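As a plain string of letters, each chain reads:
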Amino acid sequence: MKANNLTLTEKMKQSSYYGYNDIDELSVIHNDVCLTFKIPVEHVQHWKKCSLIANFFGNYQAESYKENKTQIISAISTISNELLENAIKFSEKDYSDISISIKKHDSSILIQVTNISNKSHITRLQHTLTRINNKNIAAFQIEKINKNAIENSSFSEIGLINIAKDFSNKIGAKITPIESTNLYIVDLYVIFDDSNFLSWH
């Protein structure tokens, strides 16, 4: 058995799901073709670059629709940007690659960001996803805004709450411990229903 030469994949333990976790829906979507970018954090820490990537995802997806392109660009860009910024804030500095992907299945679009984070960030994320899944999004949003004002915190995950309130509360994460470390692989995802955007090609 290899010891210190194990890859991250080989060191992964059993995954746990938090927040929205309809495994059947996730499995179906994951079987579809996707567009994925892998980006070193230092290349996107300038927030303008996050916006450029997010806008590309929005424009890319909008090409599948005959109408309402502006609305779909706005929705996909906003969700992608929030997920990217969240991953950048909470990535472990020595494991800085971030992946972002988008997949389309029937009336669902899955946007997912993958990064590596530590225990304190994972605990905060689990709490946020649990509260989002409890559905009282408006009250949670107000609570977070007030708490951030008092604590002057930049690590509030308010972006995830905004996504849940404005676009989709199907927000969840697959969290996988990495053996012999205090680190975790985080696959944070949003499933967005695009049925309101009429027909697509």
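Note that the coordinates shown come from a computational prediction; the quantities given were computed from them, not determined experimentally.

Calculation criteria
- Residues numbered from 1 in each chain as written.
- Predicted model: local features only at pLDDT ≥ 70, side-chain atom pairs only at ≥ 80, totals over all residues.
- Heavy atoms only, no water.
- Axes fitted to C-alpha atoms, helices over the stretch in contact; angles between N-to-C directions.
- Helix = DSSP H or I, 4+ residues; strand = E, 2+ residues; numbered from the N terminus.
- Parallel < 35°, antiparallel > 145°, perpendicular 65-115°, else oblique.
- Left-handed = near helix turned anticlockwise from the far one by under 90°.
- Contact = heavy atoms within 4.5 Å.
- Core = buried A, V, L, I, M, F, W, Y, C linked by side-chain atoms within 4.5 Å.
- Buried < 20%, exposed > 50% of the residue type's maximum accessible area, 1.4 Å probe, protein only.
- Pairing = 2+ DSSP bridges.
- pLDDT = per-residue confidence, 0-100.
- Salt bridge = Lys/Arg side-chain N within 4 Å of Asp/Glu carboxyl O.

## Some remarks on the packing of helix α6 (residues 119-133) against helix α8 (residues 158-166)
Here's step 1: Packing of α6 against α8 leaves a shortest axis separation of 10 Å and a crossing angle of 15°. By the angle between their directions, the pair α6 and α8 is classed as roughly parallel. Our pair here, α6 against α8, has a crossing hand that is right-handed. On the side of α6, the interface is formed by Leu125, Thr128 and Ile132, while α8 contributes Leu160, Ile161 and Ala164.

## Here's the deal with the nonpolar core
Here's step 1: By size, the foremost hydrophobic cluster in this structure holds 40 residues, and its most contacted members are Leu83 and Leu188.
Here's step 2: Broken down by element, this core gets its largest block of residues, 8 residues, from helix α5 (residues 69-90).
Here's step 3: Once residues lying within four places of it in the same chain are set aside, the contact partners of Leu83 are Ile111, Val113, Leu160, Ile163, Leu188 and Val190.

## Re the pairing of strand β5 (residues 171-177)
Here's step 1: Of all 7 residues that make up β5, 5 are buried, and the element is covered over most of its length.
Here's step 2: Pairing geometry for β5 and strand β6 (residues 183-193), over 7 bridges, is antiparallel. Considered in β6, the bridge of Pro177 is made with Tyr184.
Here's step 3: In sequence, β5 turns back onto β6 through a hairpin of 5 residues, with Ser180 there showing a positive phi of about 65°.

## Focus: the confidence of the model for the protein chain
Here's step 1: For the protein chain, the average pLDDT comes to 80, and 80% of its residues sit at 70 or higher.
Here's step 2: Below a pLDDT of 50 lies the segment residues 1-6, which in the model reaches 4 contacts outside its immediate sequence neighbourhood of four places, other chains included.

## Considerations on the pattern of salt bridges
Here's step 1: Scanning the model with the defined rule gives 3 salt bridges in all.
Here's step 2: When the shortest N-O distance is used, the salt bridge between Lys104 and Asp194 registers 3.3 Å. With a gap of 90 residues between them, Lys104 in strand β3 (residues 97-105) and Asp194 in the segment after β6 connect regions that are remote in the sequence.
Here's step 3: Taking the relative accessible area as the measure of exposure, Asp194 reaches 0% and is therefore buried.
Here's step 4: Residues Arg131 and Glu143 are paired through a salt bridge, measuring 2.9 Å at the closest nitrogen-oxygen approach. One end of the pair, Arg131, is in helix α6; the other, Glu143, is in helix α7 (residues 137-151), and 12 residues separate them in sequence.

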